[in-house]
Amino acid sequence: GTYKVGDSAIEKKSKALVDAYMIWKEDEDEILSESKRYKFHLPAPKMPLPGHAESYNPPPEYLLTEEEKQSYDDMDPEERPHNFIPKSHTCLRHVGG
């Protein structure tokens, strides 16, 4: 076979440049909508960042006293400020899963 050098080589280069797009634009939604690979991409919902009470080693003011634990247990689950009781652990490995 012979390879034709000339107009066809130029057409291939210009066609490759048209298919390219910037991946580091500031507006990521435009990139994802333009891309065929991510045509049906649904971004994951953003979770709120954890607070100090959700830490594995929270500050002492977030730890509950015995009286506060009793009043917390007496509350309705809907009225509670958190769905957990803050506990202090020495390291992250000791936190239960």
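Bear in mind the structure is a predicted one, so any value in this text is a computation, not a measurement.

Chemist: Let's hear about a nonpolar patch on the surface: which residues, and what values?
Modeler: Residues Y56, L92 and V95 make up a contiguous nonpolar surface patch of roughly 270 Å² in combined accessible area. As for its position among the elements, L92 is in the segment after α3 (66-74). In this structure L92 comes out as exposed when scored by relative accessible area, which is 57%.

Chemist: Outline the environment of F84, supporting the account with residue identities and numerical values.
Modeler: Among the secondary structure elements, F84 is positioned in the segment after α3. Take F84: its relative accessible area is 24%, and that puts it in the partly exposed class. Separated by 30 residues in sequence, F84 and E54 have C-alpha atoms that sit 8.5 Å apart. Among residues more than four places away in sequence, those in contact with F84 are A53, E54 and Y72.

Chemist: Requested: an account of the environment of H89, with residues and values cited.
Modeler: Its place among the elements puts H89 in the segment after α3. Judged by its relative accessible area of 22%, H89 is partly exposed. Put simply, H89 and P58 are 31 residues apart on the chain and 8.6 Å apart in space, counted from C-alpha to C-alpha. The residues contacting H89, other than those within four sequence positions of it, are Y56, N57, H94 and V95.

About the cut-offs
- Residues numbered from 1 in each chain as written.
- Predicted model: local features only at pLDDT ≥ 70, side-chain atom pairs only at ≥ 80, totals over all residues.
- Heavy atoms only, no water.
- Patch = residues over 30% accessible without salt bridge, like charges linked within 9 Å, V, L, I, M, F, W, Y side chains within 5 Å.
- Areas by Shrake-Rupley, 256 points an atom, 1.4 Å probe, with all protein chains shown as cover.
- Salt bridge = Lys/Arg side-chain N within 4 Å of Asp/Glu carboxyl O.
- Helix = DSSP H or I, 4+ residues; strand = E, 2+ residues; numbered from the N terminus.
- Buried < 20%, exposed > 50% of the residue type's maximum accessible area, 1.4 Å probe, protein only.
- Contact = heavy atoms within 4.5 Å.

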